[in-house]
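A structural walkthrough
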Amino acid sequence: MKKWAVFIVFLLFLSVVPGVVADVEPNDSMENAEVIGAGTISGSVQDKVEPPDVDYYRVEIPEHKMLKVNATAGLGSTIEVWILNENGDMVDYTTAQNGSLRQLWYDKPGGVAYIKVAGNGTYTLKVYFDRSLSEELEDVLDTVTKGFTRIVMVCVAAIILIIVVIGVIIILVNRSKKQNVPPPGAGLPPQYPGPQYPSQ
Ligand SMILES: [Ca+2]
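Our subject in this report is the structure included herewith. (Residues numbered from 1 in each chain as written. Predicted model: local features only at pLDDT ≥ 70, side-chain atom pairs only at ≥ 80, totals over all residues.)

When you go through the chain residue by residue, the secondary structure sums to 2 helices and 9 strands. Taken from the N to the C terminus, the helices and strands of the chain come in the order α-β-β-β-β-β-β-β-β-β-α. The proportion of buried residues among the 200 residues of the chain is 17%. For the chain, contacts bridging at least 24 residues in sequence account for 67% of all contacts bridging at least 6. (Helix = DSSP H or I, 4+ residues; strand = E, 2+ residues; numbered from the N terminus. Buried ≥ 20, exposed ≤ 12 C-beta atoms within 10 Å, placed from the backbone. Contact = placed C-beta atoms within 7 Å.)

Put into C-alpha cells, the structure is as follows:
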C-alpha cells in the first residue's frame, strides 16, 4: 500500500475512534502548544523536513494528582517524548520505536506541564492523572496514625482493666481478713477456776 493510502487509513481510523484527538498544527513550540486534558492524542512528527515538525501539548494537572503519559510509537516510527515543566525544563524523557510503549510521569499537583514529541513517524499519547505521591504518603501516614491510635486505646483499656481487677482483689482480700478475725477471748486457754470451797 502506498504511503499516502496508509496516511488516509490512519486519518480514517482517528475519525472513528471515540476520544482520540489528533494533533493540531501549528503546535511546534511551547508558545503555541495545543491545550489538552486527559485522553488519547494521536499525531505525527517529521524530522526530515526543515524546520522539523515537532508537537507540543500543554496540560494542567489537577490538584492532588500527578501526570502520567503512555507514549506509543507507530509501526516503523521512532519518537522522542519529553515532559517539560512550565519553564521548559525537562522533567522526564523517553524514546520509543516501532510500536513500543513507554511511560512518563510528572508529580506536580496543580501545576502546568508540556509534552513535546519529536522524531519521525506516528505516535499515540495516552494522557491521564493518577494520585500524587504526597496523596499516597498522606494515606499511608493516616493508616499508620489510625493503627497507632487503636493500639494506644487498646493498651489504655487493658491498663484500666488491670487496675480495676487489682482493686477488686485487694477489696476482697481485706474483707476476707476482717471476717477471719476471732472474737475477743477466742482461742485463749480455759482459765483455771481456782480451789472450790463448800459454802457454809
Ligand atoms: Ca507539529
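In this model, helix 2 (residues 133-179) (47 residues) spans 69 Å end to end at C-alpha, consistent with the 69 Å of a helix rising 1.5 Å per residue. The buried fraction of helix 2 is low, at 0 of 47 residues. (Expected span 1.5 Å × (residues − 1).)

Below, the discussion takes up the nonpolar core. Within the largest apolar cluster, 25 residues are counted, with the highest numbers of intra-cluster contacts made by V69, A71, I79, V81, I83 and I115. Where this core is concerned, the elements lending two or more residues are strand 3 (39-45), strand 4 (55-60), strand 5 (65-73), strand 6 (78-84) and strand 9 (112-131). Per-element tally for this core: the top contributor is strand 9, with 8 residues. Those residues in contact with V69 that sit more than four places away from it in its chain are I83, Q103, L104, I115, L125 and V127. (Core = buried A, V, L, I, M, F, W, Y, C linked by C-beta atoms within 7 Å.)

What you tend to see is this: most non-glycine residues have negative phi, and most peptide bonds are trans. Between E25 and the following residue, P26, the backbone shows a cis peptide bond with an omega angle of 0 degrees. By the element assignment, P26 lies in the loop between strand 1 (20-22) and strand 2 (34-36). In this structure, P51 follows E50 across a cis peptide bond, with omega equal to -5 degrees. Note on placement: P51 falls in the loop between strand 3 and strand 4. Backbone geometry places H64, a non-glycine residue, at a positive phi of 65 degrees. Among the secondary structure elements, H64 is positioned in the loop between strand 4 and strand 5.

On to the pairing of strand 3. Pairing of strand 1 with strand 3 involves 3 bridges; the strand directions are parallel. Within the sheet, the bridge partner assigned to V20 lies in strand 3 and is T40. Two elements, strand 3 and strand 9, share 7 bridges in a ladder whose sense is antiparallel. By the bridge assignment, S44 is partnered in strand 9 with T122. (Pairing = 2+ DSSP bridges.)

Attention now goes to the environment of L75. Mapped onto the elements of the fold, L75 is located in the loop between strand 5 and strand 6. Between the alpha carbons of L75 and Y123 there is a distance of 8.8 Å; along the sequence they are 48 residues apart. Filtering out sequence-adjacent residues up to four positions away, L75 remains in contact with N98 and G99.

Purely geometric stuff here, so don't read any function into it on its own.
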